[in-house]
Amino acid sequence: MNILEVKNLVSQLNTEDGVLHIINDVSFAVKEDECFGIIGESGCGKTMTSMSILGYSDRIGLKAVSGEILFKGEDVLKFSKKRLREYNGKEAAIILQDPMQALDPLFTIKDQMIETIRRHQKVSKKEAEKIMIETAESLSVAKEKLNCYPHQLSGGMLQRIVGAMVLSCRPKLIIADEPTTALDVTIQLQYLKLLKRLQKEYHTALIFISHDIKVISMMCDRIAVMYAGEIVETGTRDDLFYHPKHPYTQALFKATNIDGNIRERYETIDGAPPNLKEEIAGCPFAERCQYATDACISGKPEVVKINDEHTVKCRRIADE
Amino acid sequence: MSNVIELKNVDKSYTNSGFLKKTTCAHILKNISLQVEKGTTLGLVGESGSGKTTTTRMILRQEKPTNGELFYEGKNVEELTKEVEEEYRNNVQVVFQNPYSSLNPKMRVGEIIAEPLVITGKYNKEEIKKRVRSIMEKVGLAQDYVERFPSEFSGGQRQRIAIARALIQNPQLVILDEPVSALDVSVRGQIMNLLKRVQEKNKTTYIFISHDIATVGFLSDTIAVMYFGTIVEYGKTEDILENLRHPYTEMLISSDSVRNLSEAEEESGEIPSHYDEPKGCPFAGRCKYATDECRNVTPQLKDIGDGHKVACHNAESITLKSVVKINRRKPEYQI
Amino acid sequence: MRYLAKKIIEALITIFIVTIIVFLAIHSSGDPINSLLPDSATEAQRQELTEKLGLDRPLVEQYGRFVKDALSGDLGTSYTSKRPVLEMIAEKLPYTFELALVAIIIAFIVTIIFGSLAAIWKNTILDRIILAIAAFFKASPIFFIAILAVQLLGVKLRVLPVAGAGTPLHLVMPAGLLGLAIASDMTTLLRSNMIAVLESDFIKFGRLRGLPEYKVILKHALRNSFSSVLALSSFIFASLISGSIVVETIFAWPGVGILSYNSVISRDFPVVQGIVLILSILTILLSFTMDALLAMLDPRIRKSV
Amino acid sequence: MKKLYKQKQVNSLPIVSLVVIGIFVLNGLFGSLILPKDPTETDLVNKLLPPVFFGGTWNYPLGTDELGRDVLSRIIAGGRVSLIVAAAAIVVGGIVGTALGIIAGYYENLADTIITRLTDASLAFPSILLALLLSIGIGPGEKAAIIAIAFAMWAKYARTVRSEVLIIKTANYITQAKIMGAGDLRIITRHILPNIKDMIIVMVSLEVGMSIISEASLSFLGLSVVPPTPSWGQMIADGKNYFQNGWWVSVFPALITIITVLSFQRFGNWLKVSKGGKA
């Protein structure tokens, strides 16, 4: 059963210099304890999508124009403030990118964890402490570290503490927004493996957001590729890894030099992503795509189903 | 075979004299010896706390080594005459990681690129204008960008401006301190190809610094892997990537290449702190091949065959898995 | 702890510099004698006073004597009332202290309430009103508001006593006005700090953990933004001290301020010198306590230095 | 709590404030030429005449004070001392303060500790206290007030500029300039100054208001201009004991002070918003 379904979500961000079309008709679904990846470069709207899913869009001036976000059948966009407070942290939670900024510098780790636990579970202080230590242990965080202040700990340790804080409330859905980008490479692998194990253990759905295709391929069962506010391709990891269809996904694999081998020259994608001020009539990747035709530029390509898991939004594939 | 830059047994340590608490002393660099041949690229790979940034600051003369010497074209940097000092300044340039903080927001692009020439004071206005135009063209920047301000450019374009500024004096050595880490994947390739093209054309020597071994491998002829202030492995790129000998290099490479997570270890430990340095090999705490000897005796860098140096007691006995192949001949990527 | 030790030394050095400034300012006119004696004084009187005050000896020696006396508590004797300066000041100081203390409390309360309100409801009418009032208080000289208040509350409505001390009612107007004057600076400061804090990651993460809004604001946002206000408090305490002198003069509050005003008119220079010394030391101590408070609030500072 | 999205604040030029500032400056410079009456000439016959709309005559548009002196001309004349004080505060405070701030921030060695201690000391020394001392020393008068205010002002600039320079120094383009061999002077003039220029302009416009108020407070306590020559603070002080039947004596100079200071602040905030954006 799908724990989360995003249906034709269209959102706009109002900024000082005009309205930006951040999310254009995004649809995807996430099953119960599945790890769903969203890959895309900076400015493609992946973080904004996660903010909408968590009902935080209002605070950052993001307005959902149409579409709905069904969390276990309930539309998050229509949540009341009270309902939102139940939903945040208890049912859906987030792990932010930079652990150094994610915790209040003036309070100890213990203080902030107890605060979170007691918010969602009506337990005594003693009880909450037990849960805290137990969850921290499952993320191999030593007990005495909990009494420190955030600035005294390393990035890797802090990110594990944030993980423990989130998992202690047993949320049904966790969104990890580039959790390892700020960490050292060797620590990164540790954290990913830990997150994967706990995701299975705590039966939570995980939406993993990253710009790095290698990290996503390691972590996720199904992956969606996002470009300029639209999902251009979704599919299982093997679908995308071995036979990516959309020209942008292919270019991304080539540019990332996925097998790590050293070559004569880097593959690049010429041009730059479109600015999101105006509505894009056709396919957003049209100007940078080598197979682009006039049809691509004028009309929106419709979604083509390759197999029941693999879908592509590209006119060239549709014609095949 | 003249080395542009050479470091010999360089140490660097900071002692902050504690007013009330005891004086603490952090050894940031321990016995670093490195050299860069003219026209080649030395790759410096290391994570936070490895000392790679301090090493670059030393080569850029922003830091003085606690002991050990730095040589510029065979001459000790401390005894350089005034003219050679000047020459050193024009011949060693740097490109930093963060494109948003390495350009003065209040200066126009033309002025930024021309600044190195203006500082030397040896060129008239016309000459500067001409050189700025030609270097901008070489790095792929449109001419009409000269009047614009940095805030109007994307990360990739800003890095091109920084590169243009570094190359305008046709320097012998350019230090690239993580030039592409802050850029998006698609733009990263453009900058790397640009750097390679520039080196092929005017034989510029590079020191390429990064935490990502694959990007370093692309440009470098020789690589030095740094961990916790020491060099743990040094050699030609092929040696380092294809028959690596140090467990940390293996961990670096494996962390970067794609495979399912089952092989990774959850407990691969953390970088020790400079204030309570572990005895013996700094990597012992995280190394799965560590023996008692490793935990007590600090391994020294020793040559294990035509220039391939390793600082590990059981370098010969352990077999390490390499996942990276170097096929510089095959440019195309097949999906 | 080291942080506090360092701060104490800094405060001592600053006080030392202040004594030099005070000394130089007094002697800036070269010959203070003619400003002390009426022009008609004979040459003999002039000579006699110079010896008595030791004004003929080299400056450095005078300064030495001045500091030695100050340390031993002898700030000279007042010309007009012939009583030791320290004693006069000690008599009046509690009043000024009381006034300053109540003013600070009022200022803190007003700042916390209105600063946070303006930050939370950013760019709304409420925010604009608070900013307008703060700007008005900042722009208008404190004594004019005092005069208005005296007319309105004191004379017309006869609600509050206009002068002197005694019942707590006497304290309301002077301390209130002084508090509001300081609060105007601090409110705008707290508002801008809090707006920045509210957009930070740990507030976003706090909200996304489901913490109730009142906890996010009162516990996390306020404490962080308030600690950055404390860091800039030394500006504010300078205006507190100068404000108190003005307020005391208007409301005839028997504090050190009015004493300094009267002794300027009566040209009683040791008293002025003593008061200025004590008031500036008071300011330094106040900003030192703020630093200490800041160290308690922010663990990063405690450990850093 | 519906959060209003950051719509584009209408950031039009504050014309009113500019007009007021213009009048203030012109009046300060040339005011004495257009004085309707001699501000110091007393005329006890028509003492405490109300302003023209409250029963007074056009002869004394803003009424007269307790000695029959014309309030309007005294305000015009009083403007002079306020302008001088404001100008002195900018010149001394702004230039000296900024220079010391840059040196302290940039060189961060002995110079820094000395300057910082000096700033702390003079910050702990509100202008009123210094004025008290100076009034004993060199006697009350314009000179004492200007020195007192400028002395307190430079410390504010020095401290703010120093903290700003410390932040800018960490940016790569400064290290880049050092590596390219740029001398300290060039780095300061080409890299540091342009980046703190906006902040200083904003601060100057806000601090001018403060200096006018300080001068008014000093003259209120009789520490600034010696009585015959008029000053706004002094007028407010004199008017305070005739408030019952001569409210205008205090109210008009106070209103002028507030309006001037408010327009400086409004202009400063407008600068901050419009200038801040471009960096």
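That block above? That's the structure.
Let me sum up the structure you'll find in this document. (Residues numbered from 1 in each chain as written. Chains lettered and ligands numbered in written order. Predicted model: local features only at pLDDT ≥ 70, side-chain atom pairs only at ≥ 80, totals over all residues. Heavy atoms only, no water.)

### As for the sheet that holds strand 11 (residues 302–303) of chain B
All names here are of chain B.
Working step 1: Pairing within the open sheet is mixed, and its eight strands lie in the order 6-7-8-3-9-10-12-11. Because the sheet does not close on itself, it has two edges, and the strands there are strand 6 (92–95) and strand 11.
Working step 2: For strand 7 (residues 173–177) and strand 8 (residues 205–210), the ladder comprises five bridges, and the chain directions are parallel. In the strand pairing of strand 8, Ile 175 is matched with Ile 207.
Working step 3: Together, strand 3 (41–45), strand 7, strand 8 and strand 9 (222–227) form the strand contacts of helix 1 (residues 52–59), whose direction differs from that of strand 7 by roughly 155°.
Working step 4: Each of strand 6 and strand 7 touches helix 5 (residues 155–167); the most contacted strand, strand 6, lies at about 175° to it. (Pairing = 2+ DSSP bridges. Helix = DSSP H or I, 4+ residues; strand = E, 2+ residues; numbered from the N terminus. Contact = heavy atoms within 4.5 Å. Axes fitted to C-alpha atoms, helices over the stretch in contact; angles between N-to-C directions.)

### Here we look at the packing of helix 8 (residues 168–198) of chain C against helix 11 (residues 233–251) of chain C
Residues and elements named next belong to chain C.
Working step 1: Running from N to C, helix 8 and helix 11 point in directions that differ by 155°, and their axes come no closer than 9 Å. Viewed along their axes, helix 8 and helix 11 adopt a mutual orientation that is roughly antiparallel. As helix 8 packs across helix 11, the resulting crossing turns out to be right-handed. Note on element contacts: helix 11 touches helix 8 through Ile 236, Leu 240, Gly 243, Ser 244, Val 247 and Phe 251, opposite Met 173, Pro 174, Leu 177, Leu 178, Ile 182, Asp 185, Met 186 and Leu 189.
Working step 2: In terms of residue class, the contact of helix 8 with helix 11 is built from eleven nonpolar, two polar and one charged. (Parallel < 35°, antiparallel > 145°, perpendicular 65-115°, else oblique. Left-handed = near helix turned anticlockwise from the far one by under 90°. Nonpolar A, V, L, I, M, F, W, Y, C, P; charged D, E, K, R; others polar.)

### Quick word on the pairing of strand 4 (residues 67–72) of chain B
Residue and element names in this part refer to chain B.
Working step 1: Pairing of strand 1 (residues 3–16) with strand 4 involves five bridges; the strand directions are antiparallel. Residue pairing for strand 4: Leu 7 is matched across the bridge by Leu 70.
Working step 2: Looking at chain direction, strand 4 and strand 5 (residues 75–76) are connected through two bridges and run antiparallel. Bridge pairing links Phe 71 to Asn 76 in strand 5.
Working step 3: Adjacent in sequence and paired antiparallel, strand 4 and strand 5 are bridged by two residues, among which Glu 73 carries a positive phi angle near 50°.

### Let's talk about the interface of chain A and chain B
Working step 1: At the interface, 46 residues of chain A touch 48 residues of chain B.
Working step 2: For the pair chain A and chain B, the two sides together bury roughly 4,300 Å², of which 55% comes from carbon and sulfur.
Working step 3: The tally of links from chain A across to chain B stands at zero salt bridges.
Working step 4: Counting every contact that joins chain A to chain B gives eight residue pairs in polar contact (both at pLDDT 80 or more).
Working step 5: Secondary-structure elements contributing two or more residues to the side of chain A that touches chain B are helix 6 (155–167), helix 7 (185–201), helix 8 (213–219), helix 9 (237–242) and helix 10 (247–256) of chain A.
Working step 6: Element by element, the count of residues in the side of chain A that touches chain B is highest for helix 7 of chain A, at ten residues.
Working step 7: A class-by-class count of the residues in the side of chain A that touches chain B yields 17 nonpolar, 14 polar and 15 charged. (Buried area = accessible area lost by both parts, 1.4 Å probe. Salt bridge = Lys/Arg side-chain N within 4 Å of Asp/Glu carboxyl O. Polar contact = N/O pair within 3.5 Å; in protein donor to acceptor, adjacent residues only side chain to side chain.)

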